[in-house]
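What follows is the residue order along each chain.
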Amino acid sequence: MLKLRSLLFVLFCLPVLALAQQLPTPPSLAAKSWLLVDMTAGQVLAAQAPDERLEPASLTKLMTAYLSFAALKQGTIKLDQDVLISQKAWKTGGSRMFIQVGTEVKVDDLLKGMIVQSGNDACVALSEAIAGDEENFAQMMNREAQRLGMKGSHFRNSNGLPDPEHYTTARDLAILAGALIRDFPEEYAKYYSLKEFRYNNITQPNRNRLLWIDPTVDGLKTGYTAAAGYCLVSSAKRGPRRLLSVVLGAASSNARMQESLKLLNYGFQFYDGVQLYAKNDPVTTLKVWKGQESAVKIGFANDLVIVVPKGFGPKIKTELVSQQPLMAPVTLGQTLATLKVSLDGKPYGDYPVLALEAVPAAGIVGRMVDTVRMWFN
């Protein structure tokens, strides 16, 4: 949860980039909307209309997958569970895995049919297995979107078939895809890099052609409708860095692949990740008044990594601004300071610094002693 909150905070608030004249020029893409995020640092590296509401098409299935993985974790469904295929699931149009009404299909196969083959029928079957019917599942989707901080999204179905009230944004899709990768890393690795799946004697390839073009790409999902155009959410990991690309509204399947690769290459080639502090390593200690301890260690709940243009690492400067005087009690994870990062003398980002330990309030005598001491400080 801390990692997810950090990602959401950065996607909406940080970093404060004030170096436009020195930053690499982002590529121009032939698409309606796009976003490039360095997931290791949580930084947006390039964006065009990231908050424009657009039809998500089959990118909707990222939310269906997220809720399916959550249901597996909670024990609501199991991978080897047989799901009875309803008339509604069987009749669902668009891309299909070709399940048959009245038959039983294992959850594992339905997940592969949804993720690899983009089966709309598989989505309906999973939604019915998890929530009873697709309408209830859509309510779950919207609750989860709200919890994740997807402020520009609303879902009406599990598969992305067109509906006037079914929409999302590039930024929301980045939040969702990032949460899926972070919250369910084993499931992500198992399903999203599969290049093909065979069911009912029909073999269908994964529509994410980047899986064949770039070996560092390991997901995520394509989408297409006439209104949405050709869309692709993709992720690649090269060394310690993972980038996430969202491209919406390209003119063709080849264009969405090429434009996504252009974004990913830009992020890897022109930026470096720099770790400033390791998880739970103290940045410093702060004086605490009226507490059972006289000082508290502060730092970061996760590795603090920032991304800067290549060659700019030595130009990073930091300044710690803390709250003074600091009174007990102090709770674990409480924000106590801000790390101000500058790059080549210009503001680059502000990062909250947290208490790495709790400091309970002192007894009445200790509080009185510190009250007197504060008179002389």
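Residues numbered from 1 in each chain as written. Predicted model: local features only at pLDDT ≥ 70, side-chain atom pairs only at ≥ 80, totals over all residues. Heavy atoms only, no water.

Engineer: I keep staring at helix α10 (residues 253-270) and nothing clicks. Help me out?
Structural biologist: Count 3.6 residues to each turn of an α-helix, and residues three or four apart come out pointing the same way. In a regular helix each residue adds 1.5 Å, so 18 residues correspond to 26 Å; α10 covers 26 Å between its end C-alpha atoms and thus fits that length. When we look at burial in α10, the residues that qualify are A255, R256, M257, E259, S260, L261, L263, L264, Y266, G267 and F268. (Helix = DSSP H or I, 4+ residues; strand = E, 2+ residues; numbered from the N terminus. Expected span 1.5 Å × (residues − 1). Buried < 20%, exposed > 50% of the residue type's maximum accessible area, 1.4 Å probe, protein only.)

Engineer: Explanation requested: helix α2 (residues 61-74) in the structure shown.
Structural biologist: For α2, spanning 14 residues, the distance from its first C-alpha to its last is 19 Å, which sits close to the expected 20 Å at 1.5 Å a residue. Among the 14 residues in α2, 12 count as buried, and that is most of the element. Taken residue by residue, α2 has K61, L62, M63, T64, A65, Y66, L67, S68, F69, A70, A71 and L72 as its buried positions. Following α2 by one or two positions, G75 has its phi on the positive side, about 85 degrees.

Engineer: So what exactly am I meant to see when it comes to the packing of helix α4 (residues 107-115) against helix α5 (residues 120-131) here?
Structural biologist: The axes of two packed helices give the description: the angle between them and the distance between them. Interhelical geometry of α4 versus α5 gives an angle of 140 degrees and a closest axis separation of 8 Å. By the angle class used here, α4 and α5 are oblique. Crossing hand, α4 versus α5: left-handed. Together, V107, L110, L111, G113 and M114 of α4 and A122, C123, A125 and L126 of α5 make up the contact between the two elements. Its residues placed into classes, the contact of α4 with α5 shows 8 nonpolar, 1 polar and no charged. (Axes fitted to C-alpha atoms, helices over the stretch in contact; angles between N-to-C directions. Parallel < 35°, antiparallel > 145°, perpendicular 65-115°, else oblique. Left-handed = near helix turned anticlockwise from the far one by under 90°. Contact = heavy atoms within 4.5 Å. Nonpolar A, V, L, I, M, F, W, Y, C, P; charged D, E, K, R; others polar.)

Engineer: Would you take a moment to explain unusual backbone geometry for this structure?
Structural biologist: Trans is the prevailing form of peptide bonds, just as negative phi is the prevailing case for residues other than glycine. Cis geometry is found at the peptide bond from G219 to L220, where omega equals 20 degrees. The backbone phi angle of F98 is positive, close to 65 degrees, even though this residue is not glycine. Note that F98 resides in the loop between α3 (87-91) and β4 (104-106). A positive phi angle, near 65 degrees, is found at N280, a position not held by glycine. Along the polypeptide, N280 turns up in the loop between β10 (271-277) and β11 (284-287).

Engineer: Looking at this model, I keep getting lost on the packing of α2 against α4. Mind explaining?
Structural biologist: Relative to each other, α2 and α4 sit at 160 degrees, their axes nearing to 10 Å. The orientation of α2 with respect to α4, classified from their angle, is roughly antiparallel. For the element pair α2 and α4, the recorded crossing hand is left-handed. On the side of α2, the interface is formed by K61, T64, A65, S68, F69 and L72, while α4 contributes V107, L111, M114 and I115.

Engineer: When you look at the sheet that holds strand β1 (residues 33-38) in this model, what are you seeing that I'm missing?
Structural biologist: Consider a sheet: its strands pair through backbone hydrogen bonds, and that pairing is either parallel or antiparallel. Sheet architecture is open: 5 strands sit in the order β2-β1-β9-β8-β7, paired in antiparallel fashion. Only two strands of the sheet have a single partner each, and these edge strands are β2 (43-48) and β7 (217-225). Adjacent strand axes in the sheet meet at a mean angle of 5 degrees, parallel and antiparallel pairs treated alike. Sheet contacts for helix α7 (residues 170-183): β1, β7, β8 (229-238) and β9 (241-250); angle to β9, the most-contacted strand, approximately 140 degrees. Against the sheet, α10 engages β1, β2, β7, β8 and β9, with an angle of about 145 degrees to β9. (Pairing = 2+ DSSP bridges.)

Engineer: I keep staring at the packing of aromatic side chains and nothing clicks. Help me out?
Structural biologist: Aromatic rings considered in pairs are described by the distance between their centres and by the relative angle of their planes. For the coordinates displayed, the defined rule picks out 9 aromatic pairs. Taking NZ or CZ as reference, K315 lies 4.6 Å from the ring centre of F312, over its face. (Phe/Tyr/Trp six-rings, centres within 6.5 Å; stacked < 30°, edge-to-face > 60°. Lys NZ or Arg CZ within 6 Å of the ring centre and 35° of its normal.)

Engineer: So what exactly am I meant to see when it comes to the environment of V217 here?
Structural biologist: One can find V217 in strand β7. Between the C-alpha atom of V217 and that of G152, which follows or precedes it by 65 residues, the distance is 27 Å. In this structure V217 touches N208, L210, L211, S235, A236 and L264, once residues within four positions along its chain are discounted.

Engineer: Whenever I open this one, the sheet that holds strand β16 (residues 346-355) confuses me. Can you help?
Structural biologist: Spatially, 5 strands are ordered β11-β12-β16-β15-β14 in an open sheet, and the strand pairing comes out antiparallel. The open sheet has two edge strands, β11 and β14 (316-322), and neither has a second partner. Strand-to-strand twist across the sheet, computed as the mean angle between neighbouring axes with direction ignored, equals 35 degrees. Here β11 pairs with strand β12 (residues 295-299) via 4 bridges, running antiparallel. What sits directly across from L286, in β12, is V296.

Engineer: I keep staring at the environment of P50 and nothing clicks. Help me out?
Structural biologist: You can see P50 is positioned in the loop between β2 and α2. With a relative accessible area of 13%, P50 lands in the buried category. For P50, the contacting residues outside a window of four places in its chain are S33, W34, L35, T169, A170 and R171.

Engineer: When you look at the nonpolar core in this model, what are you seeing that I'm missing?
Structural biologist: For soluble globular proteins, nonpolar side chains are generally found buried alongside one another. Formed by 64 residues in total, the largest nonpolar core has its most connected members in M63, F69, I99, L110, Y192, L220 and V233. Leaving out residues up to four positions away in the same chain, I99 has contacts with I85, A89, W90, V105, L110, D121, A122, A125 and Y199. (Core = buried A, V, L, I, M, F, W, Y, C linked by side-chain atoms within 4.5 Å.)

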